Amino acid sequence: MARSLCPLAWLRKPYYLQARFSYVRMKYLFFSWLVVFVGSWIIYVQYSTYTELCRGKDCKKIICDKYNTGVIDGPACNSLCVTETLYFGKCLSTRPQSEMYLGIWDNLPGVVKCQMEQALHLDFGTELEPRKEIVLFDKPTRGTTVQKFKEMVYSLFKAKLGDQGNLSELVNLILTVADGDKDGQVSLGEAKSAWALLQLNEFLLMVILQDKEHTPKLMGFCGDLYVMESVEYTSLYGISLPWVIELFIPSGFRRSMDQLFTPSWPRKAKIAIGLLEFVEDVFHGPYGNFLMCDTSAKNLGYNDKYDLKMVDMRKIVPETNLKELIKDRHCESDLDCVYGTDCRTSCDQSTMKCTSEVIQPNLAKACQLLKDYLLRGAPSEIREELEKQLYSCIALKVTANQMEMEHSLILNNLKTLLWKKISYTNDS
């Protein structure tokens, strides 16, 4: 009986092998199809995102049409629209309303920023939320005198920055910047360009801090397109990935990966000192206090000497400006009282309205960003003191008694501790 079963077993074996081979092949085909499907989806999403965010040709056409008809003017107009020595390179845009590109202008690298579609303008009258209006370079109008234009700019600054005693100096500074061809006069086209640009917080901040080390330099403008100094490393960690890839990377692994690409600790300390100095620049500066409402690593960069350079300052807003934007906003909880990602106020439960006082000062947000960055690899002899100072810094509150004194003391202590450690190294 056993002998008679053996031939049957041998006969069934090829069928078993064939079935197993078919299963493996189907499994292989399924995973191959899945890879192709996911890859095609990523390519499609990337392409769709690129076509939505990267419309450099449209941006150039809009600006050059206005320039060629004499509506706008500026130092970058001729290079962009006539000689074509200013051209767009790699697209860096992250939102469709504000195009951003690496660019080359007369063989010099820069970053080109151009506003698209509708721009947000704040109405400081009765409206509590931004209202949308299309920027058509309709102000100032023909026949506006220089004195009248100065009054327009002064009123705008008073609404944005508050009633500062030295706003007249800032108005004169703006007129100097607006005179792109340096002929001593501001033409109507230059005035229209300057007026459109002054609606943008980043442009205003670049003008105010034009002599500061950590603010990118303004290279030129045409309409509401402007060119600023480029930065070699465009992230605090020195690495940036496409957003589609970011979706598939766990946050914990991403933080570990970031740390692998950071510079040596003395160089990180120098970059950190630069951020602390920038916080000092915008804290009760010559024209009021500015609030950093997005202190993420992607907004900070550094050059080949490891000097910090701001990459994106669009979410750094005047304190007066923010108070007008957020005050009396309806809220159910504190989560409804946030501007950007980092400017938070509290919700008054008795009135169900947002208060106007921001909870955390810029320095506390900067220290929160720097905590892991600086503590990883910190020299053992200062690690404990550094950690203590960073946590004291993170605990700062705007409403605290003697906040300004504490702010200055903590900032100076941190800078002193870091400088003392790196002052005798090549990295300083």
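See above for the structure.
Residues numbered from 1 in each chain as written. Predicted model: local features only at pLDDT ≥ 70, side-chain atom pairs only at ≥ 80, totals over all residues. Heavy atoms only, no water.

> Is there a simple way to explain the overall build of the chain in this structure?
If you tally the helices and strands in the chain, you get 14 helices and 15 strands. Buried residues in the chain amount to 44% of all 428 residues. Residue pairs in contact within the chain that sit at least 24 positions apart in sequence constitute 64% of those at least 6 positions apart. Summing over all exposed atoms, the chain offers an accessible surface of approximately 23200 Å²; the carbon and sulfur share of this is 56%. (Helix = DSSP H or I, 4+ residues; strand = E, 2+ residues; numbered from the N terminus. Buried < 20%, exposed > 50% of the residue type's maximum accessible area, 1.4 Å probe, protein only. Contact = heavy atoms within 4.5 Å. Areas by Shrake-Rupley, 256 points an atom, 1.4 Å probe, with all protein chains shown as cover.)

> What is the right way to look at the pattern of salt bridges in this model?
Any two side chains of opposite charge can pair if their charged atoms end up close together. Applying the stated criterion across every chain yields a total of 15 salt bridges. Note that Asp312 and Arg314 form a salt bridge whose closest N and O atoms lie 2.5 Å from each other. The exposure classification of Asp312 matches that of Arg314, with both residues buried. The structure contains a network of salt bridges with shared partners spanning Lys113, Glu202, Asp312 and Arg314. (Salt bridge = Lys/Arg side-chain N within 4 Å of Asp/Glu carboxyl O.)

> Honestly, the packing of aromatic side chains in this entry has me stumped. Any pointers?
Two measures describe an aromatic ring pair: the distance that separates the ring centres and the angle between the ring planes. Per the stated rule, a full pass over the model turns up five aromatic pairs. Seen from their ring centres, Phe203 and Tyr226 are 6.1 Å apart, and the 70° between their planes marks the pair as edge-to-face. With Phe203 in helix H7 (residues 201–208) and Tyr226 in strand E7 (residues 225–229), this pair connects stretches of sequence that are 23 residues apart. As far as the burial class goes, Phe203 and Tyr226 line up, both buried. Seen in terms of ring centroids, Tyr233 and Tyr302 are 4.7 Å apart; in terms of plane orientation they differ by 20°. Their pairing is stacked. Taken together, the positions of Tyr233 in the loop between E7 and helix H8 (243–247) and Tyr302 in strand E9 (residues 300–302) put the pair 69 residues apart, joining distant regions of the chain. According to the relative accessible area criterion, Tyr233 is partly exposed, its value standing at 28%. Looking at Tyr302, the relative accessible area reads 3%, which means it is buried. (Phe/Tyr/Trp six-rings, centres within 6.5 Å; stacked < 30°, edge-to-face > 60°.)

> Before we go on, may I ask you to explain the packing of helix H5 (residues 167–178) against H7 in this structure?
Packed helices, taken two at a time, are described by the angle their axes make and the gap between the axes. The geometry of H5 relative to H7 is characterised by a closest axis approach of 10 Å and an angle of 100° between their N-to-C directions. With respect to their mutual orientation, H5 and H7 come out roughly perpendicular. Together, Leu170, Leu173, Ile174 and Val177 of H5 and Phe203, Leu204, Val207 and Ile208 of H7 make up the contact between the two elements. Residue composition of the contact of H5 with H7, grouped by class: eight nonpolar, no polar and no charged. (Axes fitted to C-alpha atoms, helices over the stretch in contact; angles between N-to-C directions. Parallel < 35°, antiparallel > 145°, perpendicular 65-115°, else oblique. Nonpolar A, V, L, I, M, F, W, Y, C, P; charged D, E, K, R; others polar.)

> How do you make sense of the environment of Cys331 when you look at a structure like this?
Here Cys331 lies in the loop between helix H11 (319–326) and strand E12 (338–339). Put simply, Cys331 and Thr355 are 24 residues apart on the chain and 9.9 Å apart in space, counted from C-alpha to C-alpha.

> Can you help me understand the nonpolar core in this one?
Note on soluble globular proteins: their nonpolar side chains tend to be buried together. Ranked by size, the top nonpolar core spans 76 residues in total, and within it Phe157, Trp265, Phe278, Leu363, Leu386 and Leu418 carry the most contacts. In terms of residue count, helix H10 (residues 265–282) provides more of this core than any other element does, ten residues in total. Residues lining this core come from more than one domain, with at least three contributed by each of domain 1 (56–116 + 135–229) and domain 2 (265–423). Leaving out residues up to four positions away in the same chain, Leu386 has contacts with Trp265, Leu374, Leu375, Ala378, Leu414, Leu417 and Leu418. In this structure, Ala76, Leu86, Cys114 and Cys222 belong to the second largest nonpolar core, which totals 18 residues. (Core = buried A, V, L, I, M, F, W, Y, C linked by side-chain atoms within 4.5 Å. Domains from an automatic or database assignment.)

> Just checking my understanding: could you explain the state of the cysteines for this structure?
Where two cysteines share a covalent bond between their sulfur atoms, that bond is called a disulfide. A complete count under the given rule lists eight disulfides for this structure. Two residues, Cys77 and Cys222, share a disulfide whose sulfurs are 2.0 Å apart. The S-S bond linking Cys77 to Cys222 shows a torsion near 105°; that makes this disulfide right-handed. Taken as a pair, Cys77 in helix H3 (residues 77–81) and Cys222 in strand E6 (residues 218–222) lie far apart in primary sequence, 145 residues in all. (Disulfide = S-S within 2.5 Å.)

> Got a minute to help me understand the packing of H10 against helix H14 (residues 403–422) in this structure?
Between H10 and H14, the shortest axis-to-axis distance is 10 Å and the interhelical angle comes to 155°. Considered as vectors, H10 and H14 are oriented roughly antiparallel to each other. Helix-helix and strand crossings are classified by hand; for H10 and H14 the assignment is left-handed. The segment H10 lies against H14, with Trp265, Pro266, Ala269, Lys270, Ala272, Ile273, Leu276, Glu277, Val279 and Glu280 engaging His407, Leu411, Asn412, Leu414, Lys415, Leu418, Trp419, Lys421 and Ile422. Broken down by class, the residue content of the contact of H10 with H14 amounts to twelve nonpolar, two polar and five charged. (Left-handed = near helix turned anticlockwise from the far one by under 90°.)

Honestly, it's all geometry; don't read function into it.
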